[in-house]
Every structure is written in C-alpha cells, then in structure tokens.
Amino acid sequence: MMIIDPHVHMTSRTTDDYEAMAAAGVVAIIEPSFWLGQPRTQVGSFQDYYSSLVGWEPFRASQFGIHHYCTIGLNSKEANNEALAEQVIELLPLYVHKENVVAIGEIGYDDQTLAEDKYFRMQLELAKELNIPAQIHTPHRDKKSGTIKSMEVCLEHGLDPGMVVIDHNNEETVKDVLDRGFWAAFTIYPKTKMGNERMVEVVRNFGSDRIIVDSSADWGVSDPLAVPKTASLMLKRE
Ligand SMILES: [Zn+2]
C-alpha cells in the first residue's frame, strides 16, 4: 500500500522516523510551515526555516525514498507579533514558486485575534492569486465556531472550497466542512483529541470522499506512523 502523510513536521523528527515511515509504506509527505514551539524573534529565523523546507528537508527525505513537499505561510500564532509578521509576509513570494511547494499554509486562527484575521486574509489572497490550495489550521479552542469562521472567510475572499483543506477536524466539525464543499483533514493524535478508532467511525459515517488523514507529527507527543496505522485499522474493520 502506498501512503501519503499530507501533514507532518519532519524538521522536528529524526532519521529513525523517516526509516520507520518508509518501512510502513509512506512514499510522500507534505510538511506545512508552522511555529517551532519557541517563538521566533527575527525574520531571518523564518527565512532559514523556509529555506530548509525547500532544500535540506527534501534531501533528508530522499535518502529514505520519500518525496517531500511543503506548504509556505505565516502561522496564526506568530501572526500576533505584527512587527515581525509584516516582514515575514514580504518573504513569502521568494518561496512560493519553489519546486516542492504545493500550497499556502498552515494559515488560519489560533486565538482568533484581529492580527490573526488580518494575516489569514492576506495569505488567502496570495493563494488565490497563485491559484494554489490553501491549508487551514483550525483552532483547538472554540473549535466549531473557529472552523465555521475560517470557511466563511475563505468564501468571502472568493476561494473555491475545492482548493481549501480544513485541518484538525473532529466529529463535530466534519459535516459542516463537507457540506460546504471543502476538504476535511483529520489529525490523528496518539493520546488526546482525535484517535484512529474514532477516525474509522468518521469514515464509516461520512465516506472517504474529500477526507484526508494526517499525523501532524511534530515536537510534541505525536506519532509519525499515525496514517499507516489508521489505514491498517480501516482495512481490519472493513
Ligand atoms: Zn501542523
């Protein structure tokens, strides 16, 4: 079985993870640009991070036979540092045309502040202008209202819902997302939030059309094998 993990932060993972992912059938990944835990204080830190997503990390993945793609964007949390955010927005055009960049992301809301809203909208315009997909991080707090608001803003900016992936869904948001014609991505967390048993039930109830499963594995407790594990559980429960 060929597996794609369309949301995984490999920058934070080891070569052991790449090895295990390749052995489990992962042939390609998408690494969205995101925050790094520790807030960045300089625009150069963003520049080096984006450079590594289009240069070093694809090379690292290739050593394990895995194709590495990425998304470029200013994340919601760091959009709140407006002085820095302005400079980061100016950087984006330097990266969006690189060979392995497939979308603008992950963008959206964290605390749903005015600054987050401003940079979210600016980047939706960028995705529209480039005619590439937008990948949306939905807030973990006020999940349902934040998800609906994210979609409303996408529609307000004239984005085609078929070009927008709404990530971090759960049973309470999936129907709204699919009904509006967006892609619904699910992050499988090992302990909390969405687990793979629940994911199997979601697919049983809603089908697999416009449904995406990812690991979002990063610096925290997470599982880079979440996608292959969920896939094999789905086969078992068929
Ligand atoms: Zn992420």
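Residues numbered from 1 in each chain as written. Predicted model: local features only at pLDDT ≥ 70, side-chain atom pairs only at ≥ 80, totals over all residues. Heavy atoms only, no water.

Looking now at the coordination of the zinc ion. Donor atoms from the polypeptide that coordinate the zinc ion comprise H7 (NE2), H9 (NE2) and E106 (OE), at 2.0 to 2.1 Å from the metal. Mapped onto the sequence, the residues coordinating the zinc ion show the spacing H-x1-H-x96-E. On the criterion of sequence distance, the pair formed by H9 in the loop between β1 (3-5) and α1 (15-23) and E106 in strand β4 (residues 101-108) is long-range, its members being 97 residues apart. Since its relative accessible area comes to 1%, H9 is described here as buried. With a relative accessible area of 1%, E106 lands in the buried category. (Donors = N, O, S within 2.8 Å, 3.2 Å for Na, K, Ca; no water. Helix = DSSP H or I, 4+ residues; strand = E, 2+ residues; numbered from the N terminus. Buried < 20%, exposed > 50% of the residue type's maximum accessible area, 1.4 Å probe, protein only.)

Okay, the state of the cysteines next. As enumerated under the stated definition, the model contains 0 disulfides in all. With no disulfide of its own, C154 has C70 as its nearest cysteine by sulfur position, at a separation of 20 Å. (Disulfide = S-S within 2.5 Å.)

Okay, the environment of V165 next. In this structure, V165 sits in strand β6 (residues 164-167). In this structure V165 comes out as buried when scored by relative accessible area, which is 18%. Residue contacts for V165: discarding those within four places in its chain leaves A134, Q135, I136, W183, A185 and I212. (Contact = heavy atoms within 4.5 Å.)

A separate point is the packing of helix α2 (residues 43-54) against helix α4 (residues 82-91). Packing of α2 against α4 brings their axes to within 9 Å, and their N-to-C directions diverge by 35°. As α2 packs across α4, the resulting crossing turns out to be right-handed. Every residue of α4 that contacts α2 at V43, F46, Q47 and Y50 is listed here: L84, Q87, V88 and L91. Its residues assigned to classes, the contact of α2 with α4 comprises 6 nonpolar, 2 polar and no charged. (Axes fitted to C-alpha atoms, helices over the stretch in contact; angles between N-to-C directions. Left-handed = near helix turned anticlockwise from the far one by under 90°. Nonpolar A, V, L, I, M, F, W, Y, C, P; charged D, E, K, R; others polar.)

Moving on, we come to the layout of surface pockets. Taken as a whole, the largest pocket encloses approximately 520 Å³ of empty space. Residue lining of the largest pocket: 23 residues in total, with I4, P6, I212, V213 and D214 positioned closest to the centre. Going through the elements one at a time, β1, β4, β5 (134-137), β6, β8 (211-214) and α9 (226-236) are the ones with two or more residues in the lining of the largest pocket. Broken down by element, the lining of the largest pocket gets its largest block of residues, 5 residues, from α9. Tallied by class, residues from the lining of the largest pocket come to 18 nonpolar, 3 polar and 2 charged. (1 Å grid on protein atoms, 1.4 Å probe; cavity = no way out; pocket = protein on both sides within 12 Å on 5 of 7 lines; lining within 4 Å. Points joined across faces, edges and corners; volume = space filled by probe spheres on them.)

Before going further, it helps to examine the side chain of H137. Assignment of secondary structure puts H137 in strand β5. Take H137: its relative accessible area is 2%, and that puts it in the buried class. Of note is the side chain of H137, whose polar atom sits 3.3 Å from the side chain of E106. Here the side chain of H137 touches H168 through a polar contact of 3.0 Å, side chain to side chain. Residues contacting H137, with those up to four places away along its chain left out, are F34, W35, S76, E106, I107, G108, Y109 and H168. (Polar contact = N/O pair within 3.5 Å; in protein donor to acceptor, adjacent residues only side chain to side chain.)

With that settled, consider the packing of aromatic side chains. Summed over all chains, the structure comprises 7 aromatic pairs. Taking 4.1 Å as the distance between ring centres and 25° as the angle between the ring planes, the aromatic pair formed by F34 and W35 counts as stacked. F34 gets classed as buried once you look at its relative accessible area, which sits at 6%. We classify W35 as buried; its relative accessible area is 14%. Connected via pairs of aromatic rings, a cluster forms that spans F46, Y49, Y50 and Y95. Between the NZ or CZ atom of K149 and the centre of the ring of Y109, over which it lies, the distance is 4.6 Å. (Phe/Tyr/Trp six-rings, centres within 6.5 Å; stacked < 30°, edge-to-face > 60°. Lys NZ or Arg CZ within 6 Å of the ring centre and 35° of its normal.)

Our next topic: the pattern of salt bridges. This model, assessed by the stated rule, comprises 17 salt bridges. Among the ionic pairs, R40 bridges to E78, the shortest N-O distance being 2.7 Å. With R40 in the loop between β2 (26-32) and α2 and E78 in the loop between β3 (67-72) and α4, this residue pair connects regions lying 38 residues apart in the sequence. Both residues of the pair, R40 and E78, count as buried. Measuring nitrogen to oxygen at the nearest pair gives 2.8 Å for the salt bridge that ties R198 to E171. Of the two residues, R198 sits in helix α8 (residues 196-206) while E171 sits in the loop between β6 and α7 (174-179), which places them 27 residues apart along the sequence. For R198, a relative accessible area of 34% translates into the label partly exposed. In this structure E171 comes out as partly exposed when scored by relative accessible area, which is 38%. Sharing partners across several salt bridges, the network here consists of E82, E86 and K118. (Salt bridge = Lys/Arg side-chain N within 4 Å of Asp/Glu carboxyl O.)

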